[in-house]
Each structure stands twice: as C-alpha cells, then as structure tokens.
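Close look at the chain arrangement
Chain by chain, the residues:
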Amino acid sequence: MNKEETTQNKTETDLNEETVDTAFDEEVQEDNIPEESVEETLTEEKQRIQELELKLEEASQKNLRLQADYDNFRRRTREEQAASLKYKSQSLLEQLLPALDNFERALKTEATNEQAKTLIQGMEMVYRQLADVLKQEGLTEVPTVGEKFDPNMHQAVMQVEDSEYESNTVIEELQKGYMLKDRVIRPAMVKVNA
C-alpha cells in the first residue's frame, strides 16, 4: 500500500468513528430525556384519551337517543295505522246516518190501506238489512233515556224540571246519537232534567 492509500484509509476510519460516536451520543441523548418531558407527554396522552372517551360516550348517547326516537316513530306509525283501519268506515257511516234517520221517520207513519202496509213492510226489511250491516261495521246507538247526561255523548238541546227523574238525567231523545266502536260520531240530541 502506498502512502496515499494509507492516509485515505485512516481518514475514512476516523470519519466512521466520528459517525458512530455521533450516533451513540444521539442515542444517549434520547435515552436521557428528562422525566418532566415524559410526564408531560403522558399527561397529554391521558387527556387525549379522556377527550376521546368523552366523545365516544356522547356518540353512544346520541345513538341511543336516535334509536329510541326511531322506535317511538315506528310505534306511533303502527298505532296510527291501527286506528285508521279501526275507523276506516267512519266517513261513509256519517254520510249514511241522515238516510237512516229518514228511514226511521218513514217507518213511524201510519198505514191506512193495504198497499201502504205492504210498502212499509218492505221498507222495514230494507231498514233492518241496513241496520245489520252498520252494526257489523261497529255502529251502535248512544244510550240516552234514563242515563246520566254525558257531554261527550249527549248534546242537550232542552232542559226541563221533572220530579220523576234525578237531576242531570236524560229524559227524552230528540235525535239518535251513534258511536263507531268506541268513538262518538254523532252525539244524541236530548232533553235533560235540571
């Protein structure tokens, strides 16, 4: 080996040693991180974890509220559909009530000859069929005479004093009232004892 090569090798060796020393010093410096810095980092990390846990809890609560709202919505929708089916014929029945009233008035007329009696018998049969169909749909009459006056079921159009009846008792029905299942679709017009 010549002198130049020896000098170059020595220089490379010195450089390699310096690089190793520098890397070792950096490692030693990293290992010698002050405890305060480690504690600060740990504290920051703990705070970050707590923040994330709070956010997770809030998201969980929000999710539970949304689920409860959705369940309530589904329940209300089912109830509304059931009520809609239960009272689906209400509109039709309300329109038929005046015809039913007219039938009843016509049946109260006196027949003077045989032909009128036959006509009234035919009307009675049609009336019974109509009444049966309405009853099957859930239409019932509102109870009146002798009952306590109930403003939800009765409409008082007259008030009289009669010693035969207790106070606030219906003594006469002026127009029939009707209920569809458990809903009043037309209150009865009544005369009430004062």
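Definitions and cut-offs
Residues numbered from 1 in each chain as written. Predicted model: local features only at pLDDT ≥ 70, side-chain atom pairs only at ≥ 80, totals over all residues. Heavy atoms only, no water. Helix = DSSP H or I, 4+ residues; strand = E, 2+ residues; numbered from the N terminus. Buried < 20%, exposed > 50% of the residue type's maximum accessible area, 1.4 Å probe, protein only. Areas by Shrake-Rupley, 256 points an atom, 1.4 Å probe, with all protein chains shown as cover. Core = buried A, V, L, I, M, F, W, Y, C linked by side-chain atoms within 4.5 Å. Contact = heavy atoms within 4.5 Å. Pairing = 2+ DSSP bridges. Axes fitted to C-alpha atoms, helices over the stretch in contact; angles between N-to-C directions. Parallel < 35°, antiparallel > 145°, perpendicular 65-115°, else oblique. Left-handed = near helix turned anticlockwise from the far one by under 90°. Expected span 1.5 Å × (residues − 1). Polar contact = N/O pair within 3.5 Å; in protein donor to acceptor, adjacent residues only side chain to side chain. Phe/Tyr/Trp six-rings, centres within 6.5 Å; stacked < 30°, edge-to-face > 60°.

Let's talk about the overall build of the protein chain
- Scanning the protein chain for helices and strands turns up 4 helices and 6 strands.
- Taken from N to C terminus, the helices and strands of the protein chain fall in the order α-α-α-α-β-β-β-β-β-β.
- Buried residues in the protein chain amount to 17% of all 194 residues.
- Accessible surface, the protein chain: about 15500 Å² in total, of which carbon and sulfur atoms supply 50%.

Remarks on the nonpolar core
- The biggest cluster of nonpolar side chains holds 11 residues, and these are Tyr87, Leu93, Leu97, Leu100, Phe103, Tyr127, Leu134, Leu139, Tyr178, Leu180 and Ile185.
- For this core, the secondary-structure elements that each account for two or more residues are helix H3 (90–107), helix H4 (114–136) and strand S4 (178–180).
- Contacts of Tyr87, omitting those with residues within four sequence positions, involve Leu180, Lys181, Asp182 and Arg183.
- One finds Met153, Met179, Val190 and Val192 within the second-largest nonpolar core, a separate group that totals 7 residues.

Considering the sheet that holds strand S2 (residues 154–160)
- Reading across from one edge, S2-S6-S3 is the order of the 3 strands in this open sheet, with mixed pairing throughout. A single partner strand is all that each edge strand has here, and the edge strands are S2 and strand S3 (170–175). Adjacent strand axes in the sheet meet at a mean angle of 30 degrees, parallel and antiparallel pairs treated alike.
- Bridge count for S3 against strand S6 (residues 188–193) is 4 bridges, and the pairing is antiparallel. By the bridge assignment for S6, Glu173 is matched with Val190.

A few points about the side chain of Gln175
- Relative to the helices and strands, Gln175 resides in strand S3.
- Setting aside its immediate chain neighbours within four residues, Gln175 contacts Asp101, Arg186, Ala188 and Met189.

Brief notes about the sheet that holds S4
- Taking strand neighbours across the sheet as the criterion, the 3 strands line up as S1-S4-S5 in an open arrangement whose pairing is antiparallel. The open sheet has two edge strands, strand S1 (139–141) and strand S5 (183–186), and neither has a second partner. The average angle at which neighbouring strand axes cross in this sheet is 40 degrees, direction not considered.
- The pairing of S4 with S5 spans 3 bridges and is classified as antiparallel. Across the sheet, the residue bridging to Tyr178 is Arg186, located in S5.

So, the packing of H3 against H4
- Viewed as axis vectors pointing N to C, H3 and H4 meet at an angle of 150 degrees, and their least axial separation amounts to 10 Å. Classified by the angle between their axes, H3 and H4 sit roughly antiparallel to one another. You can see that H3 and H4 cross each other, and the crossing is left-handed. Each of Leu93, Leu96, Leu100, Phe103, Glu104, Ala106 and Leu107 in H3 lies in contact with H4, whose residues at this interface are Ile120, Met123, Glu124, Val126, Tyr127, Leu130 and Leu134.

Details of H4
- Over its 23 residues, H4 extends 33 Å from the first C-alpha to the last, a length consistent with the 33 Å expected when each residue adds 1.5 Å.
- The secondary structure elements touched by the buried residues of H4 are H3 and S1.
- For H4, the capping residue at the N-terminal end is Asn113, with a side-chain oxygen 3.2 Å from the backbone nitrogen of Gln115.
- At the exit of H4 stands Gly138, carrying a positive phi of roughly 105 degrees.

Notes on the packing of aromatic side chains
- Counted under the stated rule, the structure contains 1 aromatic pair.
- On the numbers, 6.2 Å between centres and 50 degrees between planes, the contact of Phe103 with Tyr127 is tilted. Placement of Phe103 in helix H3 and of Tyr127 in helix H4 is noted, with a sequence separation of 24 residues between them. Side by side, Phe103 and Tyr127 carry an identical accessibility label, which is buried.

Geometry only, nothing functional implied.
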